[in-house]
Amino acid sequence: MQYWVWDILNPDDFLMGDKPIMEQKGPYTYLEYRNKLNITHDHDEGTVSFRGRTNYQFVPEESVGLESDTFWTVNVPVFTVANLLKDQPGPIKNIQRLIHELSNATSVLELSVYDVIWGYEDAYLLLFDELFPGQIPTTIFGLFAGTNYTAGKPWVLKTGEKDIKDVGQVVSWNGLTELDFWGTEWANMINGTDASTTAPFKKSSEDVYVFVGTICRSGYLTYQRENELEGLKTGRYQVPFELFANATINPDNIGFCYPDENSCHPTGMINAEPCQSGAPVFFSLPHFLYGDPLLLEGVIGMEPNEEEHILSFDVEMLTGIVFAVSNRIQVNLKVQSYNTVPDTRFLRTTYVPMVWLNESSIIDAESAEFFKSSIILPLLIARIAVGLLIGIGGVMIIAGIIGYCCLCKDEKKVEKKSIEMQGSYNKGETNHVYEKE
């Protein structure tokens, strides 16, 4: 796992209404160890349930610096509370104004890489918890707080024992067979796998559907081309532009407009607000790849590049096993002016990048050789054997036909000879009678 953080180089000018000048810093690299807990098989239903757990370990030698490196970013708790209270009556809004002043909070702040990713105890949330005990679940904030070495939400997947084409398909996530965040039945569907595998016998005309719990929605990848990894042929799939398109371009996305159809986000953004505790968080591809030009115009420093910033899978088409993943995503915060937060009064509405990541994996040479010897070679031998059997069977059929034809020909010769002999006999008999007379 690699993280790049976005540093606001002009925090003071940004608060005065200027465009934020962004500079990415990274990568900050972590090794990712995954395992599954509470694994339970239900053979009657053909399913398996489990909780995933991931352990991240920082790798300084593959990083540009240390987790203690600092940068300037937007204050997510401040904007989250303001967003939650924006439609509340004046007296309730005044509570945030009071908290903001008493906590000495600012709408931009300097934090470490570790703080932003894994979490820190926020003064803003601490004061809120003191004034209103038990009203918030935690005083710790971090974009991925609580995900390191912690059991995730429960999954139930199909094993494929009932139908091999269903292997890996999500039955339920966090106890849900469908979502209730979005505005249409289609948007609330839980489709596809958990991205660890896909159905076997893939065809290039078929999309790969996955469900991503972090963004609380299903998505899909489309086939692009044939690829090769460690001598193994794969199909390269990547997310299409349509997945990120505004509802005016892709009407299917109207269900993701939140809180209603009059609140659609710009092309290039995936709204995660309803499943992120009301935080105005939006996901995109890094550097706003596929994004509306207005997104790029709103900030300075974006340089989208499809080769470096696209999200892609490499799938072995026969088995459906994912051999390579480049899961690239960017976390952005929608900021705007709130009358409850004095230092935001000059802010323009902007989607500010905070972090982008690349969760990547690729099959190694040893695993590739094992796959070749245990899957590809037996299949090749089986195909050769089938070919030989078909060939031998074909030769036998041809030989049978030839033999039959020869037999028929011999029978015709015998019959012809018999007729000739019969004719000769009849002729001899006639002569004998004639002579006798």
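Above this note sits the structure.
Residues numbered from 1 in each chain as written. Predicted model: local features only at pLDDT ≥ 70, side-chain atom pairs only at ≥ 80, totals over all residues. Heavy atoms only, no water.

### Topic: the overall build of the protein
Argument step 1. Each helix and strand in the protein was counted, giving eight helices and 17 strands.
Argument step 2. Long-range pairs, those at least 24 residues apart, make up 62% of the contacts in the protein between residues at least 6 apart in sequence.
Argument step 3. When the accessible surface of the protein is summed, it comes to about 23,600 Å², and 55% of that surface belongs to carbon and sulfur atoms. (Helix = DSSP H or I, 4+ residues; strand = E, 2+ residues; numbered from the N terminus. Contact = heavy atoms within 4.5 Å. Areas by Shrake-Rupley, 256 points an atom, 1.4 Å probe, with all protein chains shown as cover.)

### Section: helix H3 (residues 90-103)
Argument step 1. For H3, spanning 14 residues, the distance from its first C-alpha to its last is 20 Å, which sits close to the expected 20 Å at 1.5 Å a residue.
Argument step 2. Here the buried face of H3 lies against helix H2 (76-85) and helix H5 (123-131).
Argument step 3. Phi for Asn-104, located one or two positions after H3, is positive at around 60°. (Expected span 1.5 Å × (residues − 1).)

### A few points about the pattern of salt bridges
Argument step 1. In the structure shown here, the tally under the stated rule is six salt bridges.
Argument step 2. Here Glu-32 and Arg-34 are joined by a salt bridge, their closest N and O atoms 2.9 Å apart.
Argument step 3. Of the residues examined, Arg-34 reaches a relative accessible area of 60% and is grouped as exposed.
Argument step 4. As a salt-bridge pair, Glu-359 and Arg-34 come within 2.5 Å of each other at their nearest N and O atoms. Of this pair, Glu-359 sits in strand E17 (residues 350-362) while Arg-34 sits in strand E2 (residues 22-42), and the two are 325 residues apart along the sequence. (Salt bridge = Lys/Arg side-chain N within 4 Å of Asp/Glu carboxyl O. Buried < 20%, exposed > 50% of the residue type's maximum accessible area, 1.4 Å probe, protein only.)

### Brief notes about the packing of H3 against H5
Argument step 1. Between H3 and H5, whose axes approach to 9 Å, the crossing angle comes to 125°. The angle between H3 and H5 falls in the class oblique. Along this stretch, H3 crosses H5, giving a crossing that reads as right-handed. Facing Gln-96, Ile-99, His-100, Leu-102 and Ser-103 of H3, the residues of H5 in contact are Ala-123, Tyr-124, Leu-127, Phe-128 and Leu-131. (Axes fitted to C-alpha atoms, helices over the stretch in contact; angles between N-to-C directions. Parallel < 35°, antiparallel > 145°, perpendicular 65-115°, else oblique. Left-handed = near helix turned anticlockwise from the far one by under 90°.)

### What to know about the pairing of strand E12 (residues 232-238)
Moving residue by residue along a regular strand, the side chains alternate between the two faces of the sheet.
Argument step 1. Within E12, six of the seven residues are buried, which leaves the element mostly enclosed by the surrounding structure.
Argument step 2. The loop that links strand E11 (residues 217-229) with its antiparallel partner E12 comprises two residues; one of these, Glu-230, has a positive phi angle of about 50°.
Argument step 3. With four bridges joining them, E12 and strand E15 (residues 312-315) adopt antiparallel strand pairing. Across the sheet, the residue bridging to Gln-238 is Ser-312, located in E15. (Pairing = 2+ DSSP bridges.)

### Points about the packing of aromatic side chains
What describes a pair of aromatic rings is the distance from one ring centre to the other and the angle between the planes of the rings.
Argument step 1. This model, assessed by the stated rule, comprises 20 aromatic pairs.
Argument step 2. A centroid spacing of 6.3 Å and a plane angle of 80° characterise the contact between Tyr-3 and Trp-118, whose relative ring orientation is edge-to-face. A residue pair is termed long-range when its members are at least 10 positions apart, and Tyr-3 in strand E1 (residues 2-8) and Trp-118 in helix H4 (residues 113-118) qualify at 115 residues.
Argument step 3. Its relative accessible area of 1% is what places Tyr-3 among the buried residues.
Argument step 4. Three or more aromatic residues joined by ring pairs form one cluster here, namely Tyr-3, Tyr-30, Tyr-56, Phe-58, Trp-118 and Phe-144.
Argument step 5. The positively charged end of Arg-53 is found above the aromatic ring belonging to Tyr-149, 4.4 Å away from the centroid.
Argument step 6. When the ring centre of Phe-256 is taken as reference, the NZ or CZ atom of Arg-217 above it lies at 3.8 Å. (Phe/Tyr/Trp six-rings, centres within 6.5 Å; stacked < 30°, edge-to-face > 60°. Lys NZ or Arg CZ within 6 Å of the ring centre and 35° of its normal.)

### Some details on the side chain of Thr-350
Argument step 1. Within the secondary structure, Thr-350 sits in strand E17.
Argument step 2. In terms of polar contacts, Thr-350 uses its side chain to reach the backbone carbonyl oxygen of Arg-348, at 3.0 Å.
Argument step 3. Beyond its immediate chain neighbours, meaning those up to four positions away, Thr-350 contacts Gly-298, Val-299, Leu-333, Lys-334 and Val-335. (Polar contact = N/O pair within 3.5 Å; in protein donor to acceptor, adjacent residues only side chain to side chain.)

### Digging into the state of the cysteines
Argument step 1. Here the structure, examined in full by the defined rule, presents two disulfides.
Argument step 2. Along the protein, the cysteines that take part in disulfide bonds pair up as 1-4, 2-3, counted in sequence order. (Disulfide = S-S within 2.5 Å.)

### Details of the environment of Val-341
Argument step 1. The topology assignment puts Val-341 in the loop between strand E16 (322-335) and E17.
Argument step 2. Remark: the alpha-carbon pair of Val-341 and Gln-96, spanning 245 residues in sequence, is separated by 7.6 Å.
Argument step 3. If near-sequence neighbours (up to four positions away) are discounted, Val-341 is found in contact with Val-78, Ala-82, Gln-96, His-100 and Ser-107.

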